[in-house]
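Coordinate analysis (summary)
One letter stands for each residue in the lines below.
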Amino acid sequence: MPNEEMKPSIIARHVSKTYGAGASQIQALKDIYMTAFENELLMIVGPSGCGKTTLLSVIAGTLRFEEGEVVVLNQSLNGLTDDELTCFRRENIGFIFQQYHLIKTLTALENVIIPLLLNQISWSNGEFDVLDVLEKVGLGGRESSLPSQLSGGQQQRLAIARAIVHKPKLVICDEPTSALDAATGIAVLEILKKISKMPGRTVIVVTHDSRIFKFADRIYQMDDGRIINCVTNHEDLIES
Ligand SMILES: Nc1ncnc2c1ncn2[C@@H]1O[C@H](COP(=O)(O)OP(=O)(O)OP(=O)(O)O)[C@@H](O)[C@H]1O
Ligand SMILES: [Mg+2]
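An account of the accompanying structure is given in this report. (Residues numbered from 1 in each chain as written. Chains lettered and ligands numbered in written order. Predicted model: local features only at pLDDT ≥ 70, side-chain atom pairs only at ≥ 80, totals over all residues. Heavy atoms only, no water.)

1. Structural notes on the overall build of the protein chain
- Of the regular secondary structure elements, the protein chain holds six helices and 10 strands.
- In summary, the protein chain has a C-alpha radius of gyration of 18 Å against a globular reference of 18 Å for 240 residues, a match within 12%.
- By its C-alpha atoms, the protein chain is 45 × 45 × 40 Å across when sized along the principal axes.
- A burial count over the protein chain gives 50% of its 240 residues as buried.
- Pairs at least 24 apart in sequence give 67% of the contacts found in the protein chain among residues at least 6 apart.
- As displayed, the protein chain has an accessible area near 11,500 Å², and 50% of this comes from carbon and sulfur atoms.
- Computed over 23 positive and 29 negative side-chain charges, the inter-centroid distance for the protein chain is 3 Å. (Helix = DSSP H or I, 4+ residues; strand = E, 2+ residues; numbered from the N terminus. Rg over C-alpha atoms; globule rule 2.2 N^0.38 Å. Buried < 20%, exposed > 50% of the residue type's maximum accessible area, 1.4 Å probe, protein only. Contact = heavy atoms within 4.5 Å. Areas by Shrake-Rupley, 256 points an atom, 1.4 Å probe, with all protein chains shown as cover. Lys, Arg positive; Asp, Glu negative; His and termini not counted. Charge placed at Lys NZ, Arg CZ, Asp CG, Glu CD.)

As structure tokens, this is what we get:
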């Protein structure tokens, strides 16, 4: 469990988010309080439609919310303009989307270089080695492939490489293992766990995949827009 020495990297207080209006209104987040700490691999689990992706999007600053406050890396997201949010996200957050969002007309190598270009980092800089990152996710030798020439699992690993290449303080992953076989899924979690233990870094993973629960330092369990449980041992999750 968190102790006083742990530094919070994300604090969400009293956050609510509603989609749509009138009769079709859906309250996707209901009064959420959550914290993530530096050097933590935090998982968020819960049934389909309970609000996991919505919560990740709010934390990552890609989705506005009506109520509450979100503070990421000591910066309150509430008062930032869209442009300020974009800059903040570009520098500090690597996001692995549930739907990958790879750029179809660019090669694997080019897709991974994008965050470096956006942050004006030279991709041949020894500290940010694109080829090494591709190798680490098991895509060595596939630098020139287009996403359409890669399998679903390989595309997922490419999305992971793109999210970690610029060494963001916060890596946020929405179902990072959904298209991966057991061995590759474990290998990806080993990479994410290692990243979470580097100075100043935090990793958040949304997942349904019980094979990877054991990598979590802490797990928030959601249901119907609320956080209903927080455990350090996945065996203590409430059965649904
Ligand atoms: N853009 C949107 N417009 C309207 N409703 C939405 C939108 N995005 C999500 N929702 C609704 O909000 C609720 C939460 O959705 P969300 O995508 O956050 O769930 P989830 O937990 O990520 O589900 P899954 O495990 O299937 O990915 C669902 O009822 C969903 O239908
Ligand atoms: Mg989702």
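2. Focus on the sheet that holds strand S8 (residues 202–206)
- Reading across from one edge, S6-S7-S8-S3-S9-S10 is the order of the six strands in this open sheet, with mixed pairing throughout. The open sheet has two edge strands, strand S6 (93–96) and strand S10 (226–231), and neither has a second partner. Sheet twist, expressed as the average angle between the axes of neighbouring strands with direction ignored, equals 15°.
- For strand S7 (residues 170–174) and S8, the ladder comprises five bridges, and the chain directions are parallel. The partner of Ile172 across the bridge, within S8, is Ile204.
- Its contacts with the sheet put helix H6 (residues 182–196) on strand S3 (41–45), S7 and S8, and the angle it makes with S3 is roughly 125°. (Pairing = 2+ DSSP bridges. Axes fitted to C-alpha atoms, helices over the stretch in contact; angles between N-to-C directions.)

3. Details of the coordination of the magnesium ion (ligand 2)
- Looking at the magnesium ion (ligand 2), one finds its protein donor set to be Thr53 (OG1) and Gln98 (OE1), positioned 2.0 to 2.5 Å from the metal centre. Within this pair, whereas Thr53 is found in helix H1 (residues 52–59), its partner Gln98 is found in the loop between S6 and helix H3 (108–118), the two being separated by 45 residues in sequence.
- A relative accessible area of 33% places Thr53 in the partly exposed class. (Donors = N, O, S within 2.8 Å, 3.2 Å for Na, K, Ca; no water.)

4. Looking at the site of ligand 1
- In the vicinity of ligand 1, 13 residues are found, and the nearest of them are Ser48, Gly49, Lys52, Thr53 and Thr54.
- Cys50 places a main-chain nitrogen or oxygen 3.2 Å from an oxygen atom of ligand 1.
- Lys52 has a polar side-chain atom sitting 2.8 Å from an oxygen atom of ligand 1.
- Here ligand 1, which alone exposes 630 Å², has 61% of that area covered by the protein.
- Residue assignment for the shell around ligand 1 shows that the elements contributing at least two residues are strand S2 (26–37) and H1.
- The biggest single contributor to the shell around ligand 1 is H1, with three residues.
- Among the residues forming the shell around ligand 1, the class breakdown is five nonpolar, seven polar and one charged. (Near = heavy atom within 4 Å. Polar contact = N/O pair within 3.5 Å; in protein donor to acceptor, adjacent residues only side chain to side chain. Nonpolar A, V, L, I, M, F, W, Y, C, P; charged D, E, K, R; others polar.)

5. A word on the layout of surface pockets
- Its boundaries defined by the atoms lining it, the largest pocket holds a volume of some 420 Å³.
- Along the wall of the largest pocket there are 17 residues; nearest its centre are Arg90, Ile93, Phe95, Phe97 and Leu118.
- Those elements that provide at least two residues to the lining of the largest pocket are helix H2 (82–92), S6, H3 and helix H5 (152–164).
- By residue class, the composition of the lining of the largest pocket is eight nonpolar, six polar and three charged. (1 Å grid on protein atoms, 1.4 Å probe; cavity = no way out; pocket = protein on both sides within 12 Å on 5 of 7 lines; lining within 4 Å. Points joined across faces, edges and corners; volume = space filled by probe spheres on them.)

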